[in-house]
Structures are given as structure tokens and as C-alpha cells.
Amino acid sequence: MTTRGKFITFEGPEGGGKTTQAKRLVERLQAAGQPVVYTREPGGTPTGEAIREILQHNKAGEAPCAETEVLLFAASRAQLVRHVIIPALERGDWVVCDRFADSTTAYQGYGRGFSVEQMIAINEFAIDGAQPDLTILLDLPVSDGFARLQQRGGKKDRIESEALDFHERVRAGYLELAQRWPERFRIVDPRGELGAVAEEIWKLVRRD
Ligand code: Z5A
């Protein structure tokens, strides 16, 4: 019988280095001989990537209303879970996902002001029991994250363009979620040197 793979998610406010660190972790796991799938949200499937264009760049020609936004994130997630995440875990592969269900609770719940419990219930419907085993929360002050994104350049997307207090609520929301589920959340300060942050994450992955 194949042992179920491990499911690791990266979460946090803007510019914390989720994508950079998730990809580093994947390379390290591969080098250690561990089959691993890297994916991201919103996206990760053709349907999810099409939803991403609507959500981030108003591809449909209008901004989604807040309720539609919640449901589109959940729809992208439902597809990703059933087409990519569950099959990979059942094969025994590990999955590293750049943002997942906690993003909806943090951004649409704490950030937009929808009921946190309602966001959690919608997530449960979308994920069909595929809870992460480990969630790395890259937590940093909002201003530090935005400074990094500014350095990186490029145009801000629709959600990045939200007011500062929205992003402050998101950050505080994530910290509450980490307290709510201490068994799977690990908080990492991503302001150190890139390699040092990667090392700290590697230690957490090996320990948990
Ligand atoms: N969203 C939502 O509202 N609800 C949901 O349910 C979901 C998502 C799933 C997705 O955007 C948006 O959707 C996101 C939340 C929302 N929007 N906001 N705002 P995305 O996928 O395009 O981007 P992101 O997830 O927000 O990632 P990011 O903020 O662009 O960045 P990051 O992945 O955390 O960081 P990075 O790209 O790896 O690094 C950022 C820069 O910092 C880059 O230039 C790096 O080279 C640099 N960096 C990284 N680490 C370091 C260190 N250690 N030192 C120095 N510089 C560093």
C-alpha cells in the first residue's frame, strides 16, 4: 500500500517570499529523491489559471463583486484539489502549494470582512478533506513586503492595490489562524538572507 504524501502550503501577506521559498523547497526535496508536485493558487489547472486571470486582471471585463471573488477562489481550489493535489498525495508524492485555503480566510474573511467561520465552511466544501499537514506562514510587516514588491517592479494586481489597512487585517488574520491551528502552522520571519530562511524552512519540514 502506498503511503499518502505530505501536503505543505506556503501562506502570508504580500512579498514574504512564498514563491521563492516554495520553489527552493521543491528543489531540495527533489535533490533528496522525494517526488514532489509544485502548484499554486489561484491556478494550477487550466480552469484555475483562467479563474486567476479573472480575479487578478479583470479578464472578464469587469471586477468580480466580493461574493463572486470568494466563490471563484473556492472554485479554483476545488478543481486543483481534485485534479492535482489528491491524485498526487494518493500516489505518495508530496505537494507544495503556493497559497491555499487559508488565503481565503485571511483575505476574504479578515481582509474583506466576510464571516471567518463562513469562509472556513466554504473551504471545507472546496477541499474535500485535503487539509495541509504543514503550513509555513511567512510573516512580515506589510510595509516590508510592499517594499520588496516595489523593488521587484511590475504592475500591482487588483488585490495588491487594496488599501494598507486591508493588508494589515490580512496579516493579523493569518496570525490568528496560526493560533487557531498550532498543530500545522509554523511561523517564519522571512526578512533574513534568502538561504538562511530556506534553511529554517528545511529544518521545519524535516522535523514535522
Ligand atoms: N488571494 C486571495 O485573496 N484569496 C485566496 O483565496 C487566494 C489568493 C488563494 C495571489 O497573488 C493574490 O490572490 C494575492 C492573494 C490573493 N494577492 N494579493 N495581494 P500572486 O499569486 O500573484 O502573488 P502572491 O501570492 O501575493 O505573492 P507575492 O506577494 O507576489 O510574493 P511572494 O510569493 O510572497 O514573494 P516572492 O515573489 O517569492 O518574492 C517577492 C520579492 O522579494 C522577489 O523580488 C524576491 O526576489 C524577493 N525576496 C524573496 N525572499 C527574499 C529575501 N529573503 N530577501 C530579500 N528579498 C527576497
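Structural data are supplied above this passage.
Residues numbered from 1 in each chain as written. Predicted model: local features only at pLDDT ≥ 70, side-chain atom pairs only at ≥ 80, totals over all residues. Heavy atoms only, no water.

**Describing the side chain of aspartate 98**
Under the convention used in this document: Each helix is a run of DSSP H or I of at least 4 residues and each strand a run of E of at least 2, with the numbering of both proceeding from the N terminus. Only protein chains enter the area calculation, which uses a 1.4 Å probe; residues under 20% of their type maximum are buried, those over 50% are exposed, and those in between are partly exposed. Positive charges are assigned to Lys and Arg, negative charges to Asp and Glu, while His and the chain termini are left out of the count. Salt bridges are defined by distance alone: a side-chain nitrogen of Lys or Arg within 4 Å of a carboxyl oxygen of Asp or Glu. In protein, a polar contact requires one atom able to donate a hydrogen and another able to accept it; more generally it is a pair of N or O atoms within 3.5 Å, and residues adjacent in sequence count only if both atoms are side-chain atoms. The contact criterion used throughout is that any non-hydrogen atoms of two residues lie within 4.5 Å.
Looking at the element boundaries, aspartate 98 is found in strand E3 (residues 94-98). No salt bridge is formed by the buried aspartate 98, whose closest oppositely charged neighbour, arginine 99, lies at an N-O distance of 5.6 Å. There is a polar contact of 3.0 Å between the side chain of aspartate 98 and the side chain of tyrosine 38. Once residues lying within four places of it in the same chain are set aside, the contact partners of aspartate 98 are Phe10, Lys18, Thr19, Tyr38, Thr39, Arg40 and Glu41.

**Thoughts on the nonpolar core**
Condition: Residues enter a nonpolar core if they are buried and are Ala, Val, Leu, Ile, Met, Phe, Trp, Tyr or Cys, with the set joined through side-chain atoms within 4.5 Å.
If you look at the biggest cluster of nonpolar residues, it comprises 18 residues, and the most contacted ones within it are Ile8, Phe10, Leu25, Val96, Ile136 and Ile201. Elements with a contribution of two residues or more to this core: strand E1 (7-11), helix H1 (18-31), E3, strand E4 (134-138) and helix H8 (194-207). When residues of this core are assigned to their parent elements, the largest contribution, five residues, is made by H8. Sequence-distant contacts of phenylalanine 10, that is, excluding residues within four places in its chain, are made with Lys18, Gln21, Ala22, Leu25, Val96, Cys97, Asp98, Arg99, Ile136, Leu138 and Ile201.

**Concerning the sheet that holds strand E2 (residues 36-40)**
To keep things clear, this is the line we draw: By this definition, two strands are paired if DSSP reports at least two bridges between them. Only the stretch in contact is used when fitting a helix axis, every axis being a line fitted to C-alpha atoms; angles between N-to-C directions are given from 0 to 180 degrees.
With parallel pairing, the five strands of this open sheet are ordered in space as E2-E3-E1-E4-E5. On the outer flanks of this sheet lie E2 and strand E5 (185-188), each paired with one strand and no other. The average angle at which neighbouring strand axes cross in this sheet is 20°, direction not considered. As defined by bridge partners, E1 adjoins E3 across four bridges and the pair is classed as parallel. What sits directly across from phenylalanine 10, in E3, is aspartate 98.

**Brief notes about the environment of glycine 16**
Residue placement: glycine 16 occurs in the loop between E1 and H1. A relative accessible area of 3% places glycine 16 in the buried class. Measuring from C-alpha to C-alpha, the distance between glycine 16 and proline 190 comes to 6.0 Å, with 174 residues separating the pair along the chain. Beyond its immediate stretch of four places on either side in the chain, glycine 16 contacts Leu138, Leu140, Arg148 and Pro190.

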